Amino acid sequence: QVQLMESGGGVVQAGGSLRLSCSASGSIRSINRWGWYRQGPGKQRDLVAHMWSGGSTEYADSVKGRFTISRDNAKNMVYLQMNSLKPEDTAVYYCHGLSSMHFNYWGQGTQVTVSS
């Protein structure tokens, strides 16, 4: 089992920045892909970014050049640095881990609200 807990959400003005953090515990070595997803009001949950264990990354087109996913293996942390935030980035952001056995692990989510 893997437990994930997000933090760092809040309210920010358009153009501002936030850094989300995800603390991971449990069978972390089973995870071969880490990611961030988001779900806006009345919308489905969509991929924001993910990072493979080898370090390669992938981003949604809407956040390319503005968001950066990173990981601190020593601290068992995954981060999402969000810059140049827009009102359309408003959503609940979820940390995600995909294991080598294709199990999906989710955090409880953290709210990000970008005001115009």
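Here the structure is shown first, and the text comes after it.
## Here's the deal with the nonpolar core
Turning to step 1, where the next piece is worked out: Counting 29 residues, the largest nonpolar core has Trp36, Leu80, Met82 and Tyr93 as its most contacted members.
Turning to step 2, where the next piece is worked out: Counting only elements with at least two residues in this core, the list comes to strand 1 (2–7), strand 3 (18–26), strand 4 (31–39), strand 5 (45–52), strand 7 (67–72), strand 8 (77–82), strand 9 (91–99) and strand 11 (110–115).
Turning to step 3, where the next piece is worked out: Element by element, the count of residues in this core is highest for strand 3, at four residues.
Turning to step 4, where the next piece is worked out: Non-local contacts of Met82, meaning those with residues more than four positions away in its chain, are made with Gly16, Ser17, Leu18, Leu20, Arg66, Phe67, Tyr93 and Val112.

## Digging into the environment of Tyr93
Turning to step 1, where the next piece is worked out: Looking at where Tyr93 falls in the secondary structure, it is placed in strand 9.
Turning to step 2, where the next piece is worked out: Along the primary structure Tyr93 and Ala60 are separated by 33 residues, whereas in three dimensions their C-alpha atoms are 14 Å apart.
Turning to step 3, where the next piece is worked out: Ignoring anything within four residues of it in the chain, the contact list for Tyr93 reads Glu6, Leu20, Trp36, Tyr37, Arg38, Val48, Phe67, Leu80, Met82, Gly109, Thr110 and Val112.
Turning to step 4, where the next piece is worked out: A distance of 2.9 Å separates a polar atom in the side chain of Tyr93 from a polar atom in the side chain of Arg38.
Turning to step 5, where the next piece is worked out: Within the structure, the side chain of Tyr93 is placed 2.6 Å from the backbone oxygen of Asp89, a separation counted as a polar contact.

## As for unusual backbone geometry
Turning to step 1, where the next piece is worked out: One non-glycine residue, Asn76, lies in the positive phi region at around 55°.
Turning to step 2, where the next piece is worked out: Within the element layout of this structure, Asn76 appears in the loop between strand 7 and strand 8.
Turning to step 3, where the next piece is worked out: In this structure, His102 is a non-glycine residue whose phi angle is positive, near 70°.
Turning to step 4, where the next piece is worked out: Note on placement: His102 falls in the loop between strand 9 and strand 10 (104–106).

## Side note on the state of the cysteines
What we call a disulfide is simply a covalent bond connecting the sulfur atoms of a pair of cysteines.
Turning to step 1, where the next piece is worked out: Evaluated as defined, the whole model comprises one disulfide.
Turning to step 2, where the next piece is worked out: The residue that forms a disulfide with Cys22 is Cys95, at a sulfur-sulfur distance of 2.1 Å. Taking the torsion about the sulfur-sulfur bond, which here is approximately -85°, the covalent link between Cys22 and Cys95 counts as left-handed. Highlighted residues: Cys22 in strand 3 and Cys95 in strand 9, separated in sequence by 73 residues. The pair formed by Cys22 and Cys95 is uniform in burial state, with each residue classed as buried.

## Considerations on the pattern of salt bridges
Turning to step 1, where the next piece is worked out: Under the counting rule described, the total for this entry stands at three salt bridges.
Turning to step 2, where the next piece is worked out: With a closest N to O distance of 2.9 Å, Asp89 and Arg38 form a salt bridge. Placement of Asp89 in the loop between strand 8 and strand 9 and of Arg38 in strand 4 is noted, with a sequence separation of 51 residues between them.
Turning to step 3, where the next piece is worked out: Close ionic contact of Asp89 with Arg66 constitutes a salt bridge, the shortest N to O distance being 2.8 Å. Note that Asp89 is positioned in the loop between strand 8 and strand 9 and Arg66 in the loop between strand 6 (57–59) and strand 7, a separation of 23 residues in sequence. In this pair, the class of Asp89 matches that of Arg66, namely buried.
Turning to step 4, where the next piece is worked out: It is possible to trace a salt-bridge network through shared partners that takes in Arg38, Arg66 and Asp89.

Conventions adopted
- Residues numbered from 1 in each chain as written.
- Predicted model: local features only at pLDDT ≥ 70, side-chain atom pairs only at ≥ 80, totals over all residues.
- Heavy atoms only, no water.
- Core = buried A, V, L, I, M, F, W, Y, C linked by side-chain atoms within 4.5 Å.
- Buried < 20%, exposed > 50% of the residue type's maximum accessible area, 1.4 Å probe, protein only.
- Helix = DSSP H or I, 4+ residues; strand = E, 2+ residues; numbered from the N terminus.
- Contact = heavy atoms within 4.5 Å.
- Polar contact = N/O pair within 3.5 Å; in protein donor to acceptor, adjacent residues only side chain to side chain.
- Disulfide = S-S within 2.5 Å.
- Salt bridge = Lys/Arg side-chain N within 4 Å of Asp/Glu carboxyl O.

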